Each structure stands twice: as structure tokens, then as C-alpha cells.
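Each chain, letter by letter, is given below.
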Amino acid sequence: MFVLHMEHPVPDYDAWKQRGFDSDPLGRKQMGVLHYRIGRRSGEPNKVMVELEFATHDAATRMAGALQQMWIGAQARGLIGPPSLVAYEIVEAGEP
């Protein structure tokens, strides 16, 4: 399992969620996303975290490239602040 973890500020969470995330401009399912999680920083609700899960390294790498290209336009339109993107391979998961 591979995860892309990204964080970035947004000027308006509801607008970002509707126009940026829910509109799904990259086609998450077609790009191989199996699951996603969205979080908002405690005390700073306009700082968001998104995690996308993939079955393969290739799918995660392809999505990372597409996201980086998309962010150029999103930043220019003021939809997001500077993003950070980190890729992880999940090597263990379990229950407590």
C-alpha cells in the first residue's frame, strides 16, 4: 500500500472542498485511488491534510505528478496556498 500525504492552507475550506476536491478534476478512481482521508488542523480549520491510498507505487507516482501540475493553476487562482507532498509505503498496519 502506498500513501500520498499532502497539506496546504486554503482561504475558504467549503469553497476548496466543493470546487477543488469534490469536483475531482484528476479522476481519483481512474488514477488508482483506493481510499482518501481529509483532515483539518485543530484550531486552524483552513489548513487541510489529504491522504490518498494506492495499491501500487506507479499509481501513487503518476498521481503525485498530476497533482503537482494541477497545483500550479490552483495556486495561481488563489484556491490553495503552497502545498507539501510526501509519499509513503505502508509497511505495517494493525489494530491496538
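Up top is the structure these notes are about.
Just so you know, these numbers come straight off a predicted model, no measurement behind them.

Q: Before we go on, may I ask you to explain the packing of aromatic side chains in this structure?
A: The description of an aromatic ring pair rests on the distance of the ring centres and on the angle between the ring planes. The full count for this structure, using the stated rule, is 3 aromatic pairs. Measuring from centroid to centroid gives 5.9 Å for W16 and F21, while their planes differ by 40 degrees, and the two rings are tilted. Judged on exposure class, the residue W16 and its partner F21 are both buried. Among the aromatic side chains, those forming a connected cluster through ring pairs are Y13, W16, F21 and Y36. In this structure, R28 is placed above the aromatic ring of Y36, and the distance from its NZ or CZ to the ring centre is 5.4 Å.

Q: Sorry, what's going on with the pairing of strand 1 (residues 2-9) here?
A: Note on strand geometry: in a regular strand, side chains alternate between the two faces of the sheet. Taking burial as the measure, the 8 residues of strand 1 include 6 buried ones, the bulk of the element. The sheet contact formed by strand 1 and strand 3 (residues 44-54) spans 8 bridges and is antiparallel. Counted as the bridge partner of E7 is M49 from strand 3. As paired elements, strand 1 and strand 4 (residues 84-89) share 6 bridges and run antiparallel to each other. Paired with F2 across the bridge in strand 4 is E89.

Q: Can you walk me through helix 2 (residues 57-76) in this structure?
A: Along an α-helix, residues three or four apart share an orientation, since each turn contains 3.6 residues. Counted at 1.5 Å a residue, the expected span for helix 2 with its 20 residues is 28 Å, and the 29 Å between its end C-alpha atoms agrees. Taken residue by residue, helix 2 has A59, A60, M63, A64, L67, W71 and A74 as its buried positions. Trailing helix 2 by a residue or two, G78 shows a phi angle of about 80 degrees, which is positive.

Q: Looking at this structure, how should I read the nonpolar core?
A: Nonpolar side chains in soluble globular proteins tend to end up buried together. In this structure, L4, W16, L52, F54 and M63 are the most contacted members of the largest nonpolar core, which totals 22 residues. Of all elements in the fold, only strand 1, helix 1 (13-22), strand 3 and helix 2 reach the threshold of two or more residues within this core. Top element by residues in this core is helix 2. It accounts for 7 residues. When near neighbours in sequence (up to four residues on either side) are disregarded, L52 contacts F2, V3, L4, M6, R28, V33, H35, Y36, M63 and L67.

Q: Would you explain the pattern of salt bridges in this entry?
A: Pairing of side chains with opposite charge becomes possible as their charged atoms draw close. Under the criterion given, the structure shown has 7 salt bridges. We note a salt bridge from E7 to R41, for which the minimum N-O separation is 3.5 Å. Of this pair, E7 sits in strand 1 while R41 is found in strand 2 (residues 33-41), placing the two residues 34 residues apart along the sequence. Between R37 and E53 there is a salt bridge, with the nearest N and O atoms lying 2.7 Å from each other. Highlighted residues: R37 in strand 2 and E53 in strand 3, separated in sequence by 16 residues. Among the residues examined, R37 registers a relative accessible area of 37% and is labelled partly exposed. The network of salt bridges with common partners includes E7, R41, E44 and K47.

The rules behind each value
Note that residues are indexed from 1 along each chain, following the sequence as it is written. Side-chain atom pairs in this predicted model are given and counted only at pLDDT of 80 or more, local residue features only at pLDDT of at least 70, and totals for whole chains, interfaces and linings cover all residues. To get the side-chain values, all heavy atoms of the structure are used, and hydrogens and water are removed first. Any pair of Phe, Tyr and Trp rings, taking the six-membered ring for Trp, is counted once the centres come within 6.5 Å. Such a pair is stacked with planes under 30 degrees apart, edge-to-face with planes over 60 apart, and tilted for the rest. Each residue is placed in one exposure class: buried if its accessible area under a 1.4 Å probe, protein chains only, is under 20% of its type's maximum, exposed if it is over 50%, and partly exposed if it falls in between. Either the NZ atom of lysine or the CZ atom of arginine qualifies as a charge over a ring when it sits within 6 Å of the ring centre and within 35 degrees of the ring normal. Secondary structure elements follow DSSP: runs of H or I no shorter than four residues count as helices, runs of E no shorter than two count as strands, and numbering proceeds from the N terminus. Pairing between strands is defined by DSSP: at least two bridges between the two strands are required. Any helix carries an expected span of 1.5 Å times its number of residues minus one. Buried Ala, Val, Leu, Ile, Met, Phe, Trp, Tyr and Cys residues form a nonpolar core when they are joined through side-chain atoms within 4.5 Å. Should any heavy atoms of two residues lie within 4.5 Å, those residues are considered in contact. For this analysis, a salt bridge means a side-chain nitrogen from Lys or Arg found within 4 Å of a carboxyl oxygen belonging to Asp or Glu.

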